[in-house]
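If you want the building blocks of each chain, they are given just below.
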There are 2 protein chains.
Amino acid sequence: MAKLAGVSISTASKALNGRDEVAPATRTRVLNAAARLSFRPNALARGLISGRTRTIGLLTDELGGRFSIPVLLGVENALANEQMSVLLCDARGDAIRRRHYIGTLLSRQVDGFIVLGDDNDLRPSLTGEIPVPVVYVYGESEDPDDLSVLADDEGGARLAVEHLVSLGRRRIGHITGPQTYRAARDRVTGTRAVLAEHGLTMAGGGPLHGQWTQRWGRHAARVLLATAPEVDAIFCGNDQIATGVADTLTDLRKRIPDDVAIVGYDNWEEFAADCRPPLTTVDLDLEDLGAAAARLLFDALDGRPAAGVVRHPCRLVVRESTAPVTP
Amino acid sequence: MAKLAGVSISTASKALNGRDEVAPATRTRVLNAAARLSFRPNALARGLISGRTRTIGLLTDELGGRFSIPVLLGVENALANEQMSVLLCDARGDAIRRRHYIGTLLSRQVDGFIVLGDDNDLRPSLTGEIPVPVVYVYGESEDPDDLSVLADDEGGARLAVEHLVSLGRRRIGHITGPQTYRAARDRVTGTRAVLAEHGLTMAGGGPLHGQWTQRWGRHAARVLLATAPEVDAIFCGNDQIATGVADTLTDLRKRIPDDVAIVGYDNWEEFAADCRPPLTTVDLDLEDLGAAAARLLFDALDGRPAAGVVRHPCRLVVRESTAPVTP
DNA sequence: TTGTACGCGTTATCAA
DNA sequence: TTGATAACGCGTACAA
């Protein structure tokens, strides 16, 4: 290519990289030649010299789950804006595999890591094995010196319950997933806090913990209506549970939202928007979460590392399953 | 590292790469030193020499859709088994962005491409812009000289309808998505073929085309039952439609599967397994599809390129929404 | 069996 | 303003 332009290799390099120590005429000659040959500088050679590859490693544990993808998308998008690329590795929750991937990524000289949790519980820190910056996203690292970017589940629950209270609902129940999930526990905490602030107690006496499924929603709704027939709103731990709850309420001839309002969680479009009726729900803004993690990784790469926990706010999406109490 | 082992760099290289022109004692010394320093050969430098990076570019258009992820997972898994890595790029259906990504991936010297379609329609070939092997998966390339690995939608429909016929169902309807989708058309073709082979016609006179949603399923089921009240089975274009159909049948006091059997499509766990009743459905085996594409890419990288269309078989998953006709 | 020298494609330094 | 040269880390032919 330099030959085609009739200059030396180093001059061509300068011309292409926009350095100003090159004559305009020469530059255009080089650029033309490059275009004609559709020349692309070899990123490997560049990385070898600069020590930076403009590549980050994305380590996940459960890409199949529906939370990983939006986060991944947000990360990828933010990285692309900075001309960086993603090497994707799914360890499938296997420690051996994870170690192996870390080695692979390091040998490929990635500039940094993003570790994507499969649920939002605490997870062992990997930072000790990794000599480049690491950001944890969705799942929190056990090491408080690491940087974790998380969805604000407590805040999301607050949004949901405050919405119900503001609509005049006073007998609010809560049906959610297994207590072993931090997401479930945090949402209970947020729910309790808001109820207490308004001098209310939870209908049914406490949260009903079960599975994250429609089936559990259908069952739990029957239980809740048996123990607390006067319930006028149900906040559900996710949209599938909410769908099941809606099914049961309909079976029992309760009108939604007139008799009982329902709020879901996750804004899983296929469930929430197509429910009968469409669900008011909490959106985790996961794509934004991923983008935020990527930006914090850039900061670390630029020598401005951070530590601790960043909580990313959720958004309330209002649809037809909630409305003011009818007088 | 070589220093620590007290040998020259090239001797160390030979020892690590298992070449037999090195003394056993030396080798162990080198290996020890490498382990102590947790030495990892620089993949960039290797790639620079060998011309092969053991990296492939995965180009998608709509990672958000639920079909991409299983395929991606299958690809990633198959690649990891061959010690290869994936650079992930989501063009989001934008041609500009796609060109840009192709350039990025080429400059990073990927060994090959996998192009993941966002739906299974024909798509323009990218092979002209790409000087390394390319395999198209899920969506077919317009150029018959390219290699496309696709789900066998016609075959999947055959599985579903043959299952219904074998259960003694004779008045089979079909509710599916927009006719603009090749998936919908192919499944209609398969359905018609099987019905014809058994001397049957489609209940309702023909397929009902609408959206891929529960809402459409609920509506279309009413339409179908109005025009063909004797229908004893409904094959649905996806699991969401099937869920909607099940809802309406239940509303209309039809028993599933006693009065009407239902088959879905996709085996989308959250819908199919948690439906009332759980759905018999067709699984596209997408992870396998991705793995197959990866293996065909390896073949091409090894100098055994292929062309044309590979159709990957589907699997019938039988649950409670189908059963033999009661005498 | 081991070590020396070269080259992969690029950028940076420095001499011309 | 341009070009020669070294260096990045590794693998390999070839010399010792």
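Residues numbered from 1 in each chain as written. Chains lettered and ligands numbered in written order. Predicted model: local features only at pLDDT ≥ 70, side-chain atom pairs only at ≥ 80, totals over all residues. Heavy atoms only, no water.

Under the annotation held in an unreviewed UniProt entry, chain A carries the name LacI family DNA-binding transcriptional regulator and is attributed to Saccharothrix xinjiangensis.

(A) The arrangement of the protein's contact with DNA strand C in detail. In the vicinity of DNA strand C, 24 residues are found, and the nearest of them are N42(A), I49(A), S10(B), K14(B) and T26(B). Here the atoms of DNA strand C within 4 Å of the protein split so that 60% fall in sugar or phosphate, with bases taking the remainder. N17(A) places a polar side-chain atom, nitrogen or oxygen, 3.1 Å from a phosphate oxygen of DNA strand C. R46(A) is positioned with one of its side-chain polar atoms (N or O) 2.7 Å from a phosphate oxygen of DNA strand C. Broken down by element, the residue count for the surface near DNA strand C peaks at four residues, all from helix α2 (residues 9-16) of chain A. For the surface near DNA strand C, the residue count by class is ten nonpolar, eight polar and six charged. (Near = heavy atom within 4 Å. Polar contact = N/O pair within 3.5 Å; in protein donor to acceptor, adjacent residues only side chain to side chain. Helix = DSSP H or I, 4+ residues; strand = E, 2+ residues; numbered from the N terminus. Nonpolar A, V, L, I, M, F, W, Y, C, P; charged D, E, K, R; others polar.)

(B) Structural view of the sheet that holds strand β10 (residues 233-236) of chain A. Residue and element names in this part refer to chain A. Strand order across the open sheet formed by four strands is β9-β8-β10-β11, with parallel pairing between neighbours. Both outer strands of the open sheet, β9 (208-209) and β11 (261-263), are each paired with one neighbouring strand and no more. Both strand β8 (residues 172-176) and β10 contribute to a ladder of four bridges, which runs parallel. Considered in β10, the bridge of I175 is made with C236. Across the sheet, helix α9 (residues 214-227) touches β8, β9 and β10, and the angle it forms with β8 is around 150 degrees. (Pairing = 2+ DSSP bridges. Contact = heavy atoms within 4.5 Å. Axes fitted to C-alpha atoms, helices over the stretch in contact; angles between N-to-C directions.)

(C) Structural view of unusual backbone geometry. Backbone torsion omega between R276(A) and P277(A) reads -10 degrees, so that peptide bond is classified as cis. Looking at where P277(A) falls in the secondary structure, it is placed in the loop between α11 (269-272) and β12 (281-283). Cis rather than trans, the peptide bond between I256(B) and P257(B) has omega equal to 5 degrees. We note that R54(A) has phi near 55 degrees; this positive angle belongs to a residue other than glycine. Tracing the backbone shows R54(A) in the loop between α4 (43-50) and β1 (55-60). You can call R54(A) partly exposed: its relative accessible area is 34%. (Buried < 20%, exposed > 50% of the residue type's maximum accessible area, 1.4 Å probe, protein only.)

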